[in-house]
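# Working through the structure, step by step
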Amino acid sequence: MTDETPTKIIVCCADHDHANDPACEIKAESVIVPLTADEIAANEAAAAQAKADADARAKEQAALDALKASAKAKLVAGQPLTSEEADTLVI
Amino acid sequence: MANPTMTLIASQTLSTSASSITFSSIPQTYFDLRIFSSVRETGTAQQDSMFLTLNSDGGSNYSSTNMNSAAGGATVTSTHQTNATFVNLINASQGTGYTANGFAICETYIGNYTSTSAKGIFTFATTFNNAYPNNGGLIASVYRNSSGITTINLAPGASSFATYSSFYLYGIKNS
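## Quick look at the confidence of the model for chain A
For chain A, the average pLDDT comes to 88, and 95% of its residues sit at 70 or higher. Here helix H1 (residues 37-77) of chain A stands out as the least confident element of chain A, with mean pLDDT 88; strand E1 (residues 7-12) of chain A is the most confident, with 95.

## Things to note about the sheet that holds E1(A)
The strand order across the open sheet built from six strands is E2(A)-E1(A)-E2(B)-E11(B)-E4(B)-E7(B), with neighbouring strands paired in mixed fashion. The open sheet has two edge strands with one neighbour each: strand E2 (30-34) of chain A together with strand E7 (87-94) of chain B. Within this sheet the neighbouring strands show an average axis-to-axis angle of 25°, counted without direction. Bridge count between strand E2 (residues 20-24) of chain B and strand E11 (residues 152-156) of chain B: three bridges; the pairing is antiparallel. Within the sheet, the bridge partner assigned to B:Ile21 lies in E11(B) and is B:Leu154.

## Observations concerning the domain arrangement of chain A
Split by domain assignment, chain A resolves into domain 1 (1-35) and domain 2 (36-86). Each of domain 1 of chain A and domain 2 of chain A was reduced to a C-alpha centroid, and the two centroids are 41 Å apart.

## Examining the interface of chain B and chain A
On the side of chain A, 23 residues touch chain B, which itself brings 28 residues to the contact. Those elements that place two or more of their residues in the side of chain B that touches chain A are strand E1 (5-13), E2, strand E4 (47-54) and strand E6 (75-84) of chain B. Residue contributions to the side of chain B that touches chain A peak at five residues, all from E2(B). Class assignment for the residues of the side of chain B that touches chain A results in 13 nonpolar, 15 polar and no charged.

## Some words on H1(A)
Its 41 residues place the ends of H1(A) 60 Å apart at the C-alpha level, agreeing with the 60 Å of an ideal helix rising 1.5 Å per residue. For H1(A), the complete set of buried residues consists of A:Glu39, A:Ala42, A:Asn43, A:Ala46, A:Ala50 and A:Ala54. Residues of H1(A) that are buried in the fold lie against E2, E4, E7 and E11 of chain B. Once H1(A) ends, the next one or two residues include A:Gly78, with phi positive near 70°.

## A short note on the sheet that holds strand E12 (residues 166-173) of chain B
Residue and element names in this part refer to chain B. Across the sheet, eight strands lie side by side as E1-E12-E3-E8-E9-E10-E5-E6; this open sheet has antiparallel pairing. Edge strands, defined here as strands with exactly one partner in the open sheet, are E1 and E6. Geometrically, the sheet is characterised by an average inter-axis angle of 15° between neighbouring strands, direction not taken into account. As judged from the eight bridges shared by strand E5 (residues 62-70) and E6, these two strands associate in the antiparallel manner. By the bridge assignment for E6, Ser-64 is matched with Gln-81.

What counts and how
- Residues numbered from 1 in each chain as written.
- Chains lettered and ligands numbered in written order.
- Predicted model: local features only at pLDDT ≥ 70, side-chain atom pairs only at ≥ 80, totals over all residues.
- pLDDT = per-residue confidence, 0-100.
- Helix = DSSP H or I, 4+ residues; strand = E, 2+ residues; numbered from the N terminus.
- Pairing = 2+ DSSP bridges.
- Axes fitted to C-alpha atoms, helices over the stretch in contact; angles between N-to-C directions.
- Domains from an automatic or database assignment.
- Contact = placed C-beta atoms within 7 Å.
- Nonpolar A, V, L, I, M, F, W, Y, C, P; charged D, E, K, R; others polar.
- Expected span 1.5 Å × (residues − 1).
- Buried ≥ 20, exposed ≤ 12 C-beta atoms within 10 Å, placed from the backbone.

Written as structure tokens, this is what we have:
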């Protein structure tokens, strides 16, 4: 198991002398620096939010699939559909 | 007569893994920006996202609608995120759960990036996997900020960007 410090790469896009221009914050065309605690927390929060969004999408899709299956079964059996099941039909 | 140009501002191909990449000090001399990426993660994910933030802004200033596929198109969903703290570029990254040495590819277009009002962003992304048709993502976003974009940050959905992940930033203008 590794315990590496997360790093990020910063690329300076300015067209200048990186080493000597005071405006260049990183003094190079690109540098590798450790993430700050805030950046690590932000990445973790973003990952958690994206996972929650993906889980919600999967849950919505599963619910829709179940409604469609139920609607199909009822149509075949000649039974009345619920309003939600009818909404899944495309006419 | 207009003479459109697309100029490479900066590029980076990773020689070591990294948790994120930042393009800083972006010149304000173009009309639009275009970012191309070819990305793989070090983790075990299959299809995954890439997270886009601008100007180091972690505020709730990003809203997106997206349409994306999973399981090679077996499911297609559309969702939206309002007032999010980043743009979720779905299917713009992938991990070791997909084809060895396969990279997700992504293109993001940022219109009128020097504007002092909201900026529109459009992204197309796709994963790469030999097992079945690839998963795509179309993401339409808006970034609400009154400053021109000077910094772009991209981070993988999990773990780190793997070696050989590549990023290209272009500037576009009409003359």
